[in-house]
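Descriptive structure summary
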Amino acid sequence: MTSLARYHGRSPRYILDTEDESLIRVAGPKQVPWEEGTEIKNVSLTGLAFTAPDDLCPLLGEVVKIQFVPPGAKQMACYGIVTRLENISESRTLVGVHFYKLEMSQRIVLAQGLARKFKENQERSEIDGLLNRTRPKVSLANLPQLVMMGLLATLWCGAIWSLLRFEYVGLYKKLLGLF
């Protein structure tokens, strides 16, 4: 893995679902655009990662022009610096790009889209968690603790019952009689 990522600040990543089917269009220094087989893997406020065929992969440190559709917005274009190259298969490479001089309006659109998508995913995972909740299994491994708790509860109830049934003076006399 080759990386310049440690020199750039990182923001939390938004992992795209396969249903998003986001493609990225990239143009290198020769300004030859391509999108064949590219797929966005994650997006943040500072950059994105996408897959690329090895023969079309940009170089580390290269400035590329990127066109993509941020979550919940229309297509946007910006420049980015290639900060990471990682082989993920024999013919595919994961390319990490740090946005370069992203305009404030684009940053706002990106932040709003990511926040909306994060909220949708959070709500979806909460619903999935409720639907897929399993009942706890009863185990005999906790039997000694349960028996001890039952014994203590019985002793406590007995003490309360005896305090309510006998008067304090009578209880005091009985305790003196025992000793």
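Cut-offs used in this document
- Residues numbered from 1 in each chain as written.
- Predicted model: local features only at pLDDT ≥ 70, side-chain atom pairs only at ≥ 80, totals over all residues.
- Heavy atoms only, no water.
- Helix = DSSP H or I, 4+ residues; strand = E, 2+ residues; numbered from the N terminus.
- Buried < 20%, exposed > 50% of the residue type's maximum accessible area, 1.4 Å probe, protein only.
- Contact = heavy atoms within 4.5 Å.
- Areas by Shrake-Rupley, 256 points an atom, 1.4 Å probe, with all protein chains shown as cover.
- Core = buried A, V, L, I, M, F, W, Y, C linked by side-chain atoms within 4.5 Å.
- Expected span 1.5 Å × (residues − 1).
- Pairing = 2+ DSSP bridges.
- UniProt positions renumbered as here; feature names shortened; annotations may be inferred.
- Phe/Tyr/Trp six-rings, centres within 6.5 Å; stacked < 30°, edge-to-face > 60°.

Before going further, it helps to spend a moment on the overall build of the protein. Within the protein, the regular secondary structure consists of 3 helices and 9 strands. Taken from the N to the C terminus, the helices and strands of the protein come in the order β-β-β-β-β-β-β-β-β-α-α-α. Per-residue burial for the protein yields a buried fraction of 29% across its 179 residues. Long-range pairs, those at least 24 residues apart, make up 58% of the contacts in the protein with a sequence separation of at least 6. Carbon and sulfur atoms provide 60% of the accessible area of the protein, an area that totals close to 13000 Å².

A separate point is the nonpolar core. Ranked by internal contacts, the top residues of the largest apolar core, which has 19 residues, are Phe50, Phe68, Val95, Phe99 and Leu110. Counting only elements with at least two residues in this core, the list comes to β5 (39–43), β6 (47–53), β7 (63–68), β8 (76–87), β9 (92–100) and α1 (104–131). Sort the elements by how many residues they give to this core and β8 lands first, with 4 residues. Not counting the four nearest positions on each side in its chain, Phe99 is found in contact with Ser44, Leu45, Thr46, Gly47, Leu48, Ile66, Phe68, Cys78, Tyr79, Gly80 and Leu110.

Look at α1: 40 Å from first C-alpha to last across 28 residues, which is about the 40 Å you get at 1.5 Å a residue. Every buried residue of α1 is listed here: Gln106, Leu110, Gly113, Leu114 and Lys117.

With 6 bridges joining them, β7 and β8 adopt antiparallel strand pairing. Of the residues in β8, the one forming a bridge with Gln67 is Ala77. As defined by bridge partners, β8 adjoins β9 across 8 bridges and the pair is classed as antiparallel. Bridge pairing in β9 places Leu85 opposite Val95. Between β8 and the antiparallel strand that follows it, β9, lie 4 residues.

Glancing now at the UniProt feature "transmembrane region" (unreviewed entry) in the protein. In the numbering used here, UniProt assigns the "transmembrane region" (unreviewed entry) feature to residues 143–164. The straight-line gap between the two end C-alpha atoms of residues 143–164 is 31 Å; of that span, 100% is helix and 0% is strand.

Remark: the centre distance and the inter-plane angle together describe each pair of aromatic rings, the angle taken between the planes. If you walk through the whole model with that rule in mind, you get 1 aromatic pair. Look at Phe68 and Phe99: their rings are 6.0 Å apart centre to centre, the planes differ by 5°, and that puts the pair in the stacked class. Of the two residues, Phe68 sits in strand β7 while Phe99 sits in strand β9, which places them 31 residues apart along the sequence. No difference in accessibility class separates Phe68 from Phe99, as the two residues are buried.

Attention now moves to the pairing of β5. Note that β5 and β6 share 4 bridges and pair antiparallel. Within β6, the residue paired with Val43 across the bridge is Leu48. Counted between consecutive antiparallel strands, the loop separating β5 from β6 contains 3 residues.

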